[in-house]
Amino acid sequence: MLKHRGFPGRLPGTDFQFTIRRANPKGVTPIVRRERYRDRRSPDKRADLAFMASLWAHFGTEPFERGNLDAGRLSWLFGREVLPYDDPFDPESYEAMLVIDEQAARAAFPEAFEEGTEWA
């Protein structure tokens, strides 16, 4: 499992996890598309924004390996702002390649792309 050095481990001041420390011995947690409803709590929305900003700062438009990125947090963005890069895509692989859909990400999280803003 690739560890993304320098990527924030969590949203500061919260328990919202962005990375995992070690591979799950019971098997890889699959990435699935989770529906984001309008009535989500503000802290959840802030965590999504900070995670998207961190992804953009580290990877930009380049494809990236899932590695130690948290499957739960990725699942909130998967299928919209974060897309599978591999064909066929294996949602249960730490080596799965992903890519940011810049247009969708900018529409959903415009604050994540503002210059000089530090999220994590």
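Right, let's walk through the structure included here.

Quick notes on the rules
- Residues numbered from 1 in each chain as written.
- Predicted model: local features only at pLDDT ≥ 70, side-chain atom pairs only at ≥ 80, totals over all residues.
- Heavy atoms only, no water.
- Salt bridge = Lys/Arg side-chain N within 4 Å of Asp/Glu carboxyl O.
- Helix = DSSP H or I, 4+ residues; strand = E, 2+ residues; numbered from the N terminus.
- Buried < 20%, exposed > 50% of the residue type's maximum accessible area, 1.4 Å probe, protein only.
- Phe/Tyr/Trp six-rings, centres within 6.5 Å; stacked < 30°, edge-to-face > 60°.
- Pairing = 2+ DSSP bridges.
- Contact = heavy atoms within 4.5 Å.
- Axes fitted to C-alpha atoms, helices over the stretch in contact; angles between N-to-C directions.
- Core = buried A, V, L, I, M, F, W, Y, C linked by side-chain atoms within 4.5 Å.

### Section: the pattern of salt bridges
Overall, the coordinates contain 6 salt bridges when judged by the stated rule. One salt bridge in this structure joins Arg36 and Glu81, with 2.8 Å as the shortest N-O distance. You can see Arg36 sitting in the segment before α1 (42-59) and its partner Glu81 sitting in the loop between α2 (71-77) and β2 (82-84), a full 45 residues away along the chain. The exposure class assigned to Glu81 is buried, which follows from its relative accessible area of 3%. Each of the salt bridges in this network shares a partner with another, and the network as a whole consists of Arg40, Asp48 and Arg73.

### Observations regarding the packing of aromatic side chains
Summed over the entire model, instances satisfying the criterion amount to 6 aromatic pairs. Measuring from centroid to centroid gives 5.9 Å for Phe7 and Phe51, while their planes differ by 75°, and the two rings are edge-to-face. Linking Phe7 in the segment before α1 with Phe51 in helix α1, this pair joins segments that are 44 residues apart in sequence. Residue class for Phe7 comes out buried when judged on its relative accessible area of 7%. Look at Trp56 and Phe113: their rings are 4.8 Å apart centre to centre, the planes differ by 65°, and that puts the pair in the edge-to-face class.

### Remarks on the sheet that holds strand β1 (residues 64-65)
The strand order across the open sheet formed by 3 strands is β1-β3-β2, and the pairing between neighbours is antiparallel. Every interior strand has two partners, whereas the edge strands, β1 and β2, have only one. As paired elements, β2 and strand β3 (residues 97-100) share 3 bridges and run antiparallel to each other. From the neighbouring strand, Pro84 faces β3, where its bridge partner is Leu98. On the sheet, α1 packs against β1, β2 and β3 and is oriented at approximately 105° with respect to β3.

### Section: the nonpolar core
Formed by 26 residues in total, the largest nonpolar core has its most connected members in Met52, Leu55 and Phe64. Mapped by element, the contributors of at least two residues to this core are α1, α2 and β3. Top element by residues in this core is α1. It accounts for 8 residues. Look past the residues within four positions of Leu55 in its chain and what remains in contact with it is Phe7, Gly60, Phe64, Leu69, Leu77, Val82 and Ile100.

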